[in-house]
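Geometric and topological summary
Spelled out from the first residue to the last, the chains are:
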Amino acid sequence: EYSEKYNDDTYEYRHVILPKAIAKEMYKISQGKRLLEEDEWRGLGVTQSRGWAHYEIHRPEPHILLFRRPLGTDPLTGKVAAAAPPVAA
């Protein structure tokens, strides 16, 4: 189950709740003690656009994966858009 996206001044966030069977697979990979790499969470069947990173383990509920990416990330490339050059006055 995927949350809606939410953000602060720096990042866009979302969380993904893993079903029990998938959560068991996640525990085999990380024992719930380390962040998952992109190929690992994609291997569990989590599908989302580019640029997301698993950034925190929610200890009370480690089956909920917390993701973030910098605001302005291109969802096709995962690259952060360069800031526009200042406009000359």
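Computed from a prediction, not measured in an experiment: that's the story for all the values here.

1. Thoughts on the overall build of the chain
Of regular secondary structure, the chain possesses two helices and four strands. Helices (α) and strands (β) of the chain occur, in sequence order from the N terminus, as β-β-α-α-β-β. Taken over the C-alpha trace, the chain has a radius of gyration of 15 Å; the compact-globule value for 89 residues is 12 Å, which it surpasses by more than 25%. Overall, the chain is about 60 × 25 × 20 Å in size when its C-alpha atoms are taken along their principal axes. Across the 89 residues of the chain, 29% fall into the buried class.

2. As for the pattern of salt bridges
The full count for this structure, using the stated rule, is five salt bridges. Its salt-bridge partner being E12, residue R69 comes within 2.8 Å of it at the nearest N-O pair. A residue pair is termed long-range when its members are at least 10 positions apart, and R69 in strand β4 (residues 64-70) and E12 in strand β2 (residues 11-17) qualify at 57 residues.

3. Points about the sheet that holds β2
Two orientations exist for strands paired in a sheet by backbone hydrogen bonds: parallel and antiparallel. Reading across the sheet, the four strands line up as β1-β2-β4-β3 and stay open at both edges, with antiparallel pairing between neighbours. Each of the sheet's edge strands pairs with one partner strand only, and the pair in question is β1 (6-7) and β3 (53-57). Direction of pairing for β2 relative to β4: antiparallel, over a ladder of seven bridges. Across the sheet, the residue bridging to Y11 is P70, located in β4.

4. A few points about unusual backbone geometry
Unlike most non-glycine residues, Q31 shows phi in positive territory, near 55°. Mapped onto the elements, Q31 comes out in the loop between α1 (20-30) and α2 (38-43). The class of Q31 is partly exposed, set by a relative accessible area of 48%.

How each quantity is defined
The numbers attached to residues start from 1 for each chain and follow its sequence in the written order. Local features in this predicted model are restricted to residues whose pLDDT is 70 or higher, and side-chain atom pairs enter the listing and the counts only when it is 80 or higher, whereas totals over whole chains, interfaces and linings include all residues. Excluded from the side-chain calculations are hydrogens and water; all other atoms, namely the structure's heavy atoms, are used. Note on conventions: DSSP H or I runs of at least 4 residues are helices, E runs of at least 2 residues are strands, and numbering of each starts at the N terminus. Our radius of gyration looks at C-alpha atoms and nothing else; its globule reference is 2.2 Å times the residue count to the power 0.38. Buried residues are those whose accessible area, probed at 1.4 Å on protein chains only, stays under 20% of the maximum for their type, while exposed residues exceed 50% and partly exposed ones sit between those limits. Salt bridges, as used here, are contacts in which a Lys or Arg side-chain nitrogen is within 4 Å of a carboxyl oxygen on Asp or Glu. Here, strands pair whenever DSSP counts at least two bridges between them.

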